[in-house]
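Overview (structure and organization)
The lines below spell out each chain.
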There are 2 protein chains.
Amino acid sequence: MSASTVVNLRSTKAPLRAVDISKVTFTDCPVRDLISQIGGKWSVLLLEALAQRPYRFGELRRMVPDISQRMLTQTLRELQRDGYIGREVFPTKPPSVEYRMTDLGYSLYEPLAQLLNWAEANQEAVRVARAHFDQSQD
Amino acid sequence: MSASTVVNLRSTKAPLRAVDISKVTFTDCPVRDLISQIGGKWSVLLLEALAQRPYRFGELRRMVPDISQRMLTQTLRELQRDGYIGREVFPTKPPSVEYRMTDLGYSLYEPLAQLLNWAEANQEAVRVARAHFDQSQD
DNA sequence: CAGCATCCTGTTTGATACTG
DNA sequence: CAGTATCAAACAGGATGCTG
């Protein structure tokens, strides 16, 4: 059983995150691909919000006060493109747009939430490890 | 049950990833903190390798051919600082250094592996979602 | 309201050369 | 072998102004 049993350890020359959202092809490692998406500064935050219930653009903006409009739009597009969230435009005046998690998004959110729970449950252990490491480095 | 039940949605002004490894204080959101660490380009790859068995520096380098020496060292240090992996120096000549996962690292790896499994199991669904999205955008 | 286009900055990463 | 140091490039993200 080699180390690549769980995942393809071959790395790629491809950039870690999408730049031009419409030009990006699927990288040859799904793990790298997911991590690069989730690893963005705002993706997890938005997934957590939308896992609770649907929200409109402006609501999300207020929930995450220091996200820029640019990054909110961009991150929502990426999540939509990957199929994790859906986008519905209501033809009101002015228009309102609602985002909601898809079934695929919810299925992703299950293991993701477990990981986030781990982060909270073990934050103290990590804090201690860091303090110890920094000490020993003088 | 508010949206912040699962995790603190407050975002921070802190940079996403550590720059000077010894200067970084724990951010006020453990989730942001974990995501910023494993969201790095190489962390997950190295955790997967070390979840299998201990490896030496050079072995890891050969397993992940296109990681630079600089990033291998830096990422290993970060993982060590957070307490996920341990580092042991053998006083041979020339010296050899072995890295191995700690108990904390293994406990992290459990939910992490679930997430990675999801990525592999659903890569086709994501690929389809992307193709559909790109289509509809013309 | 919900964006988009442009410019600009700091951070992350890579390349290369050198060392105990 | 297992690093460190320095420089340069690429990228993610922020700020601002404009639009249907």
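Residues numbered from 1 in each chain as written. Chains lettered and ligands numbered in written order. Predicted model: local features only at pLDDT ≥ 70, side-chain atom pairs only at ≥ 80, totals over all residues. Heavy atoms only, no water.

In the annotation of an unreviewed UniProt entry, the entry for chain A reads DNA-binding HxlR family transcriptional regulator, and the organism field reads Rhizobium paranaense.

Our focus in this paragraph is the packing of aromatic side chains. Tallying each qualifying case throughout the model produces two aromatic pairs over all chains. For the ring pair A:Y84 and B:W118, a centre distance of 6.1 Å and an interplane angle of 55 degrees mean the geometry is tilted. Here the residue A:Y84 occupies a position in the loop between α4 (69–81) and β2 (85–90), and B:W118 occupies one in helix α5 (residues 103–121), the pair thus bridging two chains. Here A:Y84 matches B:W118 in class, with each residue buried. Above the ring of B:W42, the side-chain terminus of A:R32 is found at 5.4 Å from the ring centroid. (Phe/Tyr/Trp six-rings, centres within 6.5 Å; stacked < 30°, edge-to-face > 60°. Helix = DSSP H or I, 4+ residues; strand = E, 2+ residues; numbered from the N terminus. Buried < 20%, exposed > 50% of the residue type's maximum accessible area, 1.4 Å probe, protein only. Lys NZ or Arg CZ within 6 Å of the ring centre and 35° of its normal.)

Turning to the sheet that holds strand β3 (residues 96–101) of chain B, a few remarks are in order. All names here are of chain B. Taken in spatial order, the three strands of this open sheet run β1-β3-β2, and their pairing is antiparallel. A single partner strand is all that each edge strand has here, and the edge strands are β1 (55–56) and β2 (85–90). With six bridges joining them, β2 and β3 adopt antiparallel strand pairing. If you follow F90 over to β3, its bridge partner there is S96. Contacts between helix α2 (residues 43–52) and the sheet are confined to β1, β2 and β3, with β3 contributing the most and set at about 90 degrees to the helix. (Pairing = 2+ DSSP bridges. Contact = heavy atoms within 4.5 Å. Axes fitted to C-alpha atoms, helices over the stretch in contact; angles between N-to-C directions.)

Right, let's get into the UniProt feature "domain: HTH hxlR-type" (unreviewed entry) in chain A. Taken from the UniProt record, the annotation "domain: HTH hxlR-type" (unreviewed entry) applies to residues 29–127 of chain A. End C-alpha atoms of residues 29–127 of chain A are separated by 32 Å, and the span's content is 64% helix alongside 14% strand. (UniProt positions renumbered as here; feature names shortened; annotations may be inferred.)

All names here are of chain A. Predicted confidence across chain A gives a mean pLDDT of 87, with 80% of residues reaching 70 or more. With pLDDT under 50 throughout, residues 1–6 is counted as low confidence; its partners more than four residues away or in other chains account for 10 contacts. Predicted confidence is poor over residues 21–25, with pLDDT under 50, and the contacts of this stretch with residues over four places away or in other chains come to seven contacts. (pLDDT = per-residue confidence, 0-100.)

Looking now at unusual backbone geometry. Cis rather than trans, the peptide bond between A:K93 and A:P94 has omega equal to 0 degrees. Relative to the helices and strands, A:P94 resides in the loop between β2 and β3 (96–101).

Residue and element names in this part refer to chain B. With five of its six residues buried, β3 lies for the most part within the structure. Taken together, the two bridges between β1 and β3 define a ladder with antiparallel strand orientation. Opposite Y55, over in β3, you have Y99 as the bridge partner. Taking the residues between adjacent antiparallel strands as the criterion, β2 and β3 are bridged by five residues.

On to the pattern of salt bridges, then. For the coordinates displayed, the defined rule picks out 12 salt bridges over all chains. B:D134 is paired through a salt bridge with A:R81; the nearest N and O atoms lie 2.6 Å apart. In this pair, B:D134 sits in helix α6 (residues 123–136) while A:R81 sits in helix α4, so the two residues belong to two different chains. Two residues, A:R100 and A:E98, come together in a salt bridge whose shortest N-O distance is 3.0 Å. Classification of A:E98 by relative accessible area gives buried; the value is 18%. Salt bridges here are not isolated pairs; linked through shared partners, they connect A:D33, A:D82 and B:R130. (Salt bridge = Lys/Arg side-chain N within 4 Å of Asp/Glu carboxyl O.)

Okay, the side chain of A:R130 next. Take A:R130: it is sitting in helix α6 (residues 123–137). Assessed through its relative accessible area of 8%, A:R130 is described here as buried. Here B:D33 takes part through its side chain, which lies 2.8 Å from a polar atom of the side chain of A:R130. (Polar contact = N/O pair within 3.5 Å; in protein donor to acceptor, adjacent residues only side chain to side chain.)

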